[in-house]
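Working through the structure, step by step
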Amino acid sequence: MLILGINHHKTPIVLREQFAFNQLDLQKALRVLKSSAWVEEAMILSTCNRSEIYVVTDESSHKLVWLKDWWCSYLNLSIPDIDDYFFHHWHKSAINHLSRVAAGLDSMVLGEPQILGQLKEAYTTAKKAETVGPILQQVVPHSFKVAKRVRSETDIGQYPVSVAFAAVTLAKRIFHQIGSATALLIGAGEMISLVARHLCDQGIKTIHILNRTPERAEEILKKLEVSGTFGGLCQIAGKLEQADIVVSCTGSNEIIVSAEQIRTVIQTRIQRKRGHKPIYIVDLAVPRDIDPEVDQFEDVYLFTIDDLQQVIEENRAARASAAESAEEITETATEKFIQELRVRQAASIISNYRNHAETIRQTLLSRAVKRIQQGEAPEDVLDHMSRTLMNKLIHNPTLAMREALETKNIEALNWSQKMLGLPDTSVETVSTEWEGEVVLKEIKTSDSKLK
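Let me sum up the structure you'll find in this document. Bear in mind that the values here come from a model prediction, so they are computed numbers and not experimental data. All residue numbers here refer to positions counted from 1 along the written sequence of the relevant chain. Owing to the predicted nature of the model, reporting of local features is limited to residues with pLDDT of at least 70; listing and counting of side-chain atom pairs is limited to 80 or more, with chain, interface and lining totals taken over all residues. For the side-chain quantities, the full set of heavy atoms in the structure was used; hydrogens and water were omitted.

A look at the pairing of strand β10 (residues 300–304)
Three exposure classes are used, based on accessible area relative to the maximum for each residue type with a 1.4 Å probe and protein chains only: buried under 20%, partly exposed in between, and exposed over 50%. Segments assigned H or I by DSSP are reported as helices when at least four residues long, segments assigned E as strands when at least two residues long, and all are numbered from the N terminus. The element β10 is extensively covered by neighbouring structure, given that 4 of its 5 residues are classed as buried. The pairing criterion for strands is at least two bridges between them, as found by DSSP. Direction of pairing for strand β9 (residues 279–283) relative to β10: parallel, over a ladder of 5 bridges. Bridge assignment links Y280 to a residue of β10, and that residue is Y301.

Quick word on the state of the cysteines
Throughout this description, disulfide means a covalent bond between two cysteine sulfur atoms. In this description, the term disulfide denotes a pair of cysteine sulfurs within 2.5 Å. Counted by the stated rule, this structure contains 0 disulfides. No disulfide involves C48; its nearest neighbouring cysteine sulfur is the one of C249, lying 4.4 Å away.

Topic: the environment of I44
Within the secondary structure, I44 sits in strand β2 (residues 41–46). Judged by relative accessible area, I44 falls into the buried class, the value being 0%. Contacts between residues were defined by any pair of non-hydrogen atoms, one from each residue, lying within 4.5 Å. For I44, the residues in contact, after removing those within four places along its chain, are F21, L26, A29, L30, E52, I53 and A122.

Some remarks on the pattern of salt bridges
Oppositely charged side chains can form a pair if their charged atoms are brought close together. Take a side-chain nitrogen of Lys or Arg and a carboxyl oxygen of Asp or Glu: if they are within 4 Å of each other, that pair is a salt bridge. Summed over the entire model, instances satisfying the criterion amount to 15 salt bridges. Here E52 makes a salt bridge to R50, at a shortest N to O gap of 2.6 Å. Just as E52 is buried, R50 falls in that class too. Where E358 meets R361, a salt bridge forms, and the shortest distance between an N and an O atom there is 2.9 Å. Placement of both E358 and R361 in helix α12 (residues 309–373) is noted, with a separation of 3 residues, approximately one turn of the helix. The exposure class of E358 is partly exposed, given its relative accessible area of 33%. On the accessibility criterion, R361 (34% relative accessible area) is partly exposed. Three or more residues joined by partner-sharing salt bridges are found here, namely R50, E52, R100, D106 and E327.

Quick word on the sheet that holds β2
Spatial ordering of the open sheet is given by β2-β3-β1-β4, a layout of 4 strands whose pairing is antiparallel. Sheet topology places β2 and β4 (87–90) at the edges, where each strand pairs with a single neighbour. Each strand axis lies, on average, 10° off the axis of its neighbour in the sheet, ignoring direction. Both strand β1 (residues 2–7) and strand β3 (residues 50–56) contribute to a ladder of 6 bridges, which runs antiparallel. Following the sheet pairing, I3 is matched in β3 by Y54. Inter-axis angles, ranging from 0 to 180 degrees, are taken between N-to-C directions of lines fitted to C-alpha atoms, where helices are fitted over the stretch in contact.

Some details on a nonpolar patch on the surface
Taken together, the side chains of W415, M419, L420 and L422 make up a nonpolar region of the molecular surface, amounting to roughly 450 Å² of accessible area. Looking at where W415 falls in the secondary structure, it is placed in helix α14 (residues 410–420). Relative accessible area serves as the criterion here: at 48%, W415 is assigned to the partly exposed category. Residues forming no salt bridge and having over 30% relative accessible area are the ones grouped into patches, like charges within 9 Å of each other and nonpolar side chains (Val, Leu, Ile, Met, Phe, Trp, Tyr) within 5 Å. In this description, accessible areas are obtained by the Shrake-Rupley approach with a 1.4 Å probe, and a residue is regarded as covered only by the protein chains that are shown.

Brief notes about the sheet that holds strand β7 (residues 230–231)
The 6 strands lie next to each other as β7-β6-β5-β8-β9-β10, forming an open sheet whose pairing is parallel. The open sheet terminates on both sides in strands that have one partner only, identified here as β7 and β10. Sheet topology places strand β5 (residues 182–186) next to strand β6 (residues 206–210); 5 bridges connect them, and they run parallel. Of the residues in β6, the one forming a bridge with L185 is I209. Against the sheet, helix α11 (residues 259–271) touches β9 and β10, its axis set at about 165° to β9.

Geometric values such as these leave the question of function open.
Quick look at the structure:
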């Protein structure tokens, strides 16, 4: 299993938004990716702070290079020094990384819970695209279980710290009486829902919510104990005039709020003698919803996800000790999960071996019964059957041991002896010379040695 990704740790927002996958196009991207001959399974997680591709394949450097090229080709990207922004994980490291992501241990806001919902949505999308197979069906749900353990067994989720909370915390620094402010929220996803809830907790009484689908905006507003309106994105210009706080988080690939719209709002406020009352704008979207030029206007405070980092860092310390315990849980869970996979694999091998032996037994038994029915002496038939059964059962192990001898694989010989339950009556350590190399090996012999 391979994970290739970019995230907030080493990639600025201006590049993250270029690497982001359009949520409406995600199933198509997954199917195109899965069409590659070496991609057995695939899943894509694309959020504000990270975009990660999960594929099931054998470890190979050329496959890693191919996946980078595919990503850039699919999104029509041409970025200098692009390798500087990628990270990747193979197999065990990939499983541990996925669990850390699910538990919020790799998030900008340590321990934030929103990522788990986003990961579940990515998994659901991959299943709908039919790119999930037996490996992801085990690994992804395992990460969900680890996240649940981290939440229940540590205090990492006890502190109200998230990107949404950081956005509201920063608003309180700009508006000393935040309760009297009017908020405009653009979008109707989980992030906007959280921002709305935090704003209500801080005493805001008026919230307007606009979304491409007005019904979803209405659903959020109904859950709040505030006054306000809901509507479509076409109402943005009118609602901006009333807003002191603007928070946007949509999945749009285009600018939602232009610099010209904000300039008009400022001029209108001056004409209506509202003075220089500040406008606090938070753009939580990747790609961005708000024109970056808005930041040049006086009395406008524009913040992106990256700008929230300072606020987030101030709260990170409260979760640091809990995160240490969470990391231990994650690492231990990964080790245990790997062991369980090995046991399941061993069980499958054992089952196949037993079925193989049973097929041989049934075949030889059927032949023996026919021969006895045809009048052959039962003693002769049973003797022939037992010899044939023995030869068939020991044929492959004998070939494997012979190959181990020819390749000087002493470890394989030792394992063969253990698996086959050979007698262990004595141990003789002998120094033998193979191709001029002195090799120390153990030769275990039975009472009947060949002279």
